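So you can see what is in the structure, the chains are spelled out below.
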Amino acid sequence: MYYFVVNPQARSGKGKVTWEKIEKVLQRREIPYEVLFTEMQGQAGLLARKAAENRAEDKIIVAIGGDGTVSEVMSGIFDHPEITFGYIPVGSGNDFARGLGISTDWREALEGVLAPKHRIFLHPGRLEFDGRTRHFGESMGIGFDAAVCSGANRLRFKSVFNRLGLGKFTYTGIALKLLITSSCDRMKIRLDGKAVHTFSKVLFACGMNGPYEGGGFKFAPEASVDDGMIHLCVAAGLPIYKRFLLLPKALAGKHVGAEGIYMFTCKKAEIISSRPKFIQGDGEVFGPVKKVTASVEDIGIPFIY
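A brief look at the structure comes next. (Residues numbered from 1 in each chain as written. Predicted model: local features only at pLDDT ≥ 70, side-chain atom pairs only at ≥ 80, totals over all residues. Heavy atoms only, no water.)

Examining the side chain of Glu284
Moving on, step 1. Along the chain, Glu284 falls in strand S14 (residues 284-296).
Moving on, step 2. Leave out the neighbours within four places in its chain, and Glu284 touches Gln41 and Ile279. (Helix = DSSP H or I, 4+ residues; strand = E, 2+ residues; numbered from the N terminus. Contact = heavy atoms within 4.5 Å.)

Shown next as structure tokens:
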């Protein structure tokens, strides 16, 4: 039985349009399904958990939306390893899909769900702050990247850019401005409860569960959602002109090894900032907070594509 958790507002209404096309295929092929539409942020997880707890056997829960929809569905099924998870990307960034090579063509992505060529065990990322817990599929971050997400989410014309297929430009414009204006603070990072690393003038620290963030920046080239590890990328001590060189390099993953870039691999990263900063998980912004913990769930979710 297929359960489709659909964010109809994804990419300014493209989620609804895409679902209507998918539904016609399902009906034509006489494939049993149930559709669950989200009406507000955070609801995808609740709908996914409700579907997971349904008595029907051989359940496949499919998220249709952006990276945020993926993370919400994960939060609803991360402790249900008997559930198979699938995804049809309809977001503006689609970093989770990019990391796995899932096509943004809904026809190809649907075939990956109905007749999968790949099956992995996905380990959801876990974000903890202020007594709260959230899950993420691809990335979390504190500092510059979270501030970019916050600015993009508040942008009045973001929906217009999304409808025109120019969603990435909203992030690019805000990022260029914040490369100059972002404050850089001192951070302490504890890895796996042991080694503590201290950095000054930190632009950002991002914990990657997959390779990409921010609509295609390959901050963790070695990361994979099925390796059960957090790949931490820290940018610190960069003068403004080197900040501008960082992003073009990161598009190809060529920033690794550059001066001011530090890479770590761990199961758990505890990050403490000298001042409160925004944090983000798959583009959803929280905070500002001074302390955040990023880790991965031990239990893997079967994922098909």
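Some points on the nonpolar core
Moving on, step 1. In terms of nonpolar packing, the biggest core is built from 48 residues, with Ile61, Phe85, Ile88 and Phe303 touching the most fellow members.
Moving on, step 2. In contact with Phe85, other than residues within four places in its own chain, are Ile61, Ala63, Val70, Val73, Met74, Ile77, Leu122, Ile301, Pro302, Phe303 and Ile304.
Moving on, step 3. Counting residues in hydrophobic clusters, the runner-up holds 25 residues, among them Phe136, Ile142, Met187 and Phe199. (Core = buried A, V, L, I, M, F, W, Y, C linked by side-chain atoms within 4.5 Å. Buried < 20%, exposed > 50% of the residue type's maximum accessible area, 1.4 Å probe, protein only.)

Focus: helix H5 (residues 106-114)
The α-helix advances 3.6 residues per turn, and as a result positions three or four apart in sequence lie on the same side.
Moving on, step 1. Buried residues of H5: Trp106, Ala109, Leu110, Gly112, Val113 and Leu114, and no others.
Moving on, step 2. Sitting at the head of H5, Asp105 places a side-chain oxygen 2.8 Å from the backbone nitrogen of Arg107. (Polar contact = N/O pair within 3.5 Å; in protein donor to acceptor, adjacent residues only side chain to side chain.)

Comments concerning the pattern of salt bridges
Moving on, step 1. Within this structure, the stated rule accounts for 11 salt bridges.
Moving on, step 2. For Asp105, the salt bridge identified is with Arg107, shortest N-O distance 3.5 Å.
Moving on, step 3. Overall, the relative accessible area of 48% leaves Arg107 in the partly exposed class.
Moving on, step 4. For Arg126, the salt bridge is made with Glu128, and the minimal N-O distance between the two is 3.7 Å.
Moving on, step 5. Using a relative accessible area of 23% as the deciding quantity, one classes Arg126 as partly exposed.
Moving on, step 6. Look at Glu128 and you get partly exposed, because its relative accessible area is 29%. (Salt bridge = Lys/Arg side-chain N within 4 Å of Asp/Glu carboxyl O.)

Regarding the packing of aromatic side chains
Moving on, step 1. Applying the stated criterion across every chain, the model contains 14 aromatic pairs.
Moving on, step 2. With a centroid separation of 5.7 Å and an interplanar angle of 70 degrees, the aromatic rings of Tyr87 and Phe96 are classed as edge-to-face.
Moving on, step 3. The buried category is assigned to Tyr87, whose relative accessible area is 1%.
Moving on, step 4. On the numbers, 5.8 Å between centres and 40 degrees between planes, the contact of Phe303 with Tyr305 is tilted. Accessibility assignment for this pair places Phe303 and Tyr305 in one class, buried. (Phe/Tyr/Trp six-rings, centres within 6.5 Å; stacked < 30°, edge-to-face > 60°.)

Thoughts on a nonpolar patch on the surface
Moving on, step 1. A cluster of nonpolar side chains, Leu176, Ile180, Ile240 and Phe244, forms an exposed patch at the surface whose accessible area comes to about 330 Å².
Moving on, step 2. Elements that contribute at least two residues to the nonpolar patch include exactly helix H8 (167-181) and helix H9 (240-251).
Moving on, step 3. Assignment of secondary structure puts Ile240 in helix H9.
Moving on, step 4. Residue Ile240 is classed as partly exposed on the basis of its relative accessible area, which comes to 38%. (Patch = residues over 30% accessible without salt bridge, like charges linked within 9 Å, V, L, I, M, F, W, Y side chains within 5 Å. Areas by Shrake-Rupley, 256 points an atom, 1.4 Å probe, with all protein chains shown as cover.)

Side note on the side chain of Glu138
Moving on, step 1. As for its placement among the helices and strands, Glu138 is situated in the loop between strand S7 (132-136) and strand S8 (139-143).
Moving on, step 2. Buried charge without a partner: Glu138 forms no salt bridge, and the closest opposite charge is Arg98, 7.4 Å away.
Moving on, step 3. In this structure the side chain of Glu138 is engaged in a polar contact, spanning 2.9 Å, whose partner is the backbone nitrogen of Tyr212.
Moving on, step 4. Other than its neighbours up to four places away in sequence, Glu138 contacts Asp95, Phe96, Gly99, Gly207, Met208, Asn209, Gly210, Pro211, Tyr212, Val225 and Asp282. (Lys, Arg positive; Asp, Glu negative; His and termini not counted.)

Focus on the packing of helix H1 (residues 10-28) against H5
Moving on, step 1. Running from amino to carboxyl end, H1 crosses H5 at an angle of 50 degrees, the nearest separation of the two axes being 11 Å. When the axis of H1 is compared with that of H5, the two are oblique. The handedness of the crossing between H1 and H5 comes out as right-handed. In this structure, H1 uses Thr18, Lys21, Ile22, Val25 and Leu26 to contact H5, whose residues at the interface are Trp106, Leu110 and Leu114.
Moving on, step 2. Here the contact of H1 with H5 is composed, by residue class, of six nonpolar, one polar and one charged. (Axes fitted to C-alpha atoms, helices over the stretch in contact; angles between N-to-C directions. Parallel < 35°, antiparallel > 145°, perpendicular 65-115°, else oblique. Left-handed = near helix turned anticlockwise from the far one by under 90°. Nonpolar A, V, L, I, M, F, W, Y, C, P; charged D, E, K, R; others polar.)

Considerations on unusual backbone geometry
Moving on, step 1. In the segment running from Gly287 into Pro288, the intervening peptide bond is cis, with an omega of 10 degrees.
Moving on, step 2. Relative to the elements of secondary structure, Pro288 occurs in strand S14.
Moving on, step 3. Of note in the backbone geometry, Asp192 takes a positive phi value of approximately 55 degrees without being a glycine.
Moving on, step 4. For Asp192, the position within the fold is in the loop between strand S9 (185-191) and strand S10 (195-208).

A short note on the pairing of strand S2 (residues 33-37)
Moving on, step 1. Across five bridges, the pairing between strand S1 (residues 2-6) and S2 is parallel. Of the residues in S2, the one forming a bridge with Val6 is Phe37.
Moving on, step 2. Handedness of the crossover joining S1 and S2 through H1 is recorded here as right-handed. (Pairing = 2+ DSSP bridges. Right-handed = clockwise from strand over helix to strand, strands pointing away.)

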